[in-house]
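# Tertiary structure, described
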Amino acid sequence: MDNEEIFNINTLLKKLHLYFKPTLDKKNITLFYQQTKGLPREFRGDHQTLTKLLNKLLNDILQKSNNSQILLSVLSVDEFLYEEIVTFGFFYTNLNKDELFSLYDEEMIKLIKILDGELININEADIAFQIPLRNKTLGSLRHYRLTDDSLLNKKVWLLCTTPLSTKLYKTFFTYFNYTVDEGNEDFKNIEQYDIVIVEDDLLDKAKKELLQKAYQKRKFYIIIITKEKQEDLFSFFTILQKPLLQECVWNSIESMKIFQNTNNDLDKFSNQIKQEIPVDKLIFHIQMDEREQDAENLSILSKLRGERNHDNNPLMYQQSLKIFVAKYKHSSVEFKQMVNEKSLLELKQFCEKLYDSASRIGSLNMAHLMETLLLIIENEEYHMLDMNILKYRISLSQLLQEIDKTLKKQ
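Report on the accompanying structure.

Scoring rules and cut-offs
Residues numbered from 1 in each chain as written. Predicted model: local features only at pLDDT ≥ 70, side-chain atom pairs only at ≥ 80, totals over all residues. Heavy atoms only, no water. Buried < 20%, exposed > 50% of the residue type's maximum accessible area, 1.4 Å probe, protein only. Helix = DSSP H or I, 4+ residues; strand = E, 2+ residues; numbered from the N terminus. Pairing = 2+ DSSP bridges. Salt bridge = Lys/Arg side-chain N within 4 Å of Asp/Glu carboxyl O. 1 Å grid on protein atoms, 1.4 Å probe; cavity = no way out; pocket = protein on both sides within 12 Å on 5 of 7 lines; lining within 4 Å. Points joined across faces, edges and corners; volume = space filled by probe spheres on them. Axes fitted to C-alpha atoms, helices over the stretch in contact; angles between N-to-C directions.

A word on the pairing of strand β10 (residues 195-199). The buried fraction of β10 is high, at five of five residues. On β10, burial covers both faces: Ile195, Ile197 and Glu199 on one face and Val196 and Val198 on the other are all buried. When strand β8 (residues 155-159) meets β10, the two strands line up parallel, connected through four bridges. Note on β10: the bridge partner recorded for Trp157 is Val196.

Below is the structure:
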């Protein structure tokens, strides 16, 4: 394929939602994503043409649809070894036959042809196409591995507003072989669960009080799924923003390690949250203090994770570490300049690339920081960028030190 690139499917879908968010908000439409269990996170393929096609289809659908929810499903085989067919389908558009037929124009057919794809009929989809894509890592079958045994075997309580959101969100957590129970609004016995997940639309004052009382009995991990800014949730929680993606859920679960390692100190968490980032449409990755960071170097650089991302090849991993150092060693100056000059597009591209690079070498800490910055940019909270100049410099310095230690041990 002439235009083959490596791309993260989650990043592509995030950008798609961000681009159409004003239209979705104006028409009061909720966009959902569905990802099958075997779908890789990173592909080799024609990223630019696929992006154009999805943008065109969603744009045409939103011009005609007034349904309250639209689902974009991305489907693949359970064992995605090398090159497989990936199916993209739009559901619940509520368009009639004539409106759907109007989507089949010359430009759409041309884009599908470039991708070596074809239009197909799948059960209940309003419009769907399939294209061949390659797995970035040959033979990789588990794309969101949990990095700590303490994150396994969790019981989950899930309370959502609609049958569709319940069905979709449940699959994101059963991916990790968690037991997921569908909650009810009386909030009884939820302290028996390890993770409690609630959509913010269901959290009125009475329910917040019930949730907080249960939390005081047993410090479970709380995830609030939200669409818009919430000024008044409560003391400790993690926010996941709609539409959910498997990678975002995985990141949130990985953050549980920090939660578990602090002996559930609610006041400490609450103070750190208020000091770091306001409650404002962001995924909160709770920051450890310096002593905890020194004791938990895996949050800075995990050799185990990094080598696994390189097919367990130490030489390949060492080379990636050296490339990372060469590319980002002096990037704190570049980062500061982009923030000061408000070069938002350039900064966004920088954060996306660094997110991918940091994830690949096993730096969960840096990847989380980049994700937070991307959400700040996405939600136009630009005043929050300045406070991250020093944080980036410190995080980069810590990461470079860990890389140097790792390379010297080889």
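Okay, back to it.
So, on to the pattern of salt bridges. With the rule as written, the count across this model stands at 19 salt bridges. A salt bridge links Glu185 to Lys207; the shortest N-O distance between them is 3.6 Å. Taken as a pair, Glu185 in the loop between β9 (179-182) and β10 and Lys207 in helix α6 (residues 205-217) lie far apart in primary sequence, 22 residues in all. Among the charged side chains, a network of salt bridges with common partners joins Lys15, Lys348 and Glu352.

Scanning all chains against the criterion turns up seven cavities of 30 Å³ or more. In this structure, the largest cavity occupies an estimated 320 Å³ of space. Lining the largest cavity are 21 residues; nearest its centre among them are Lys14, Lys15, Cys248, Leu375 and Glu378. Those elements that provide at least two residues to the lining of the largest cavity are α1 (9-26), β12 (238-241), α7 (246-254), α14 (344-361) and α15 (364-378).

Sheet strands associate in pairs through backbone hydrogen bonding, adopting either a parallel or an antiparallel arrangement. Strands sit in the order β9-β8-β10-β11-β12 across an open sheet of five strands; the sheet is parallel. At either end of the open sheet lies a strand with only one pairing partner, and these are β9 and β12. This sheet shows a mean twist of 25 degrees between the axes of neighbouring strands, independent of strand direction. As paired strands, strand β11 (residues 221-226) and β12 are joined by four bridges and run parallel to one another.

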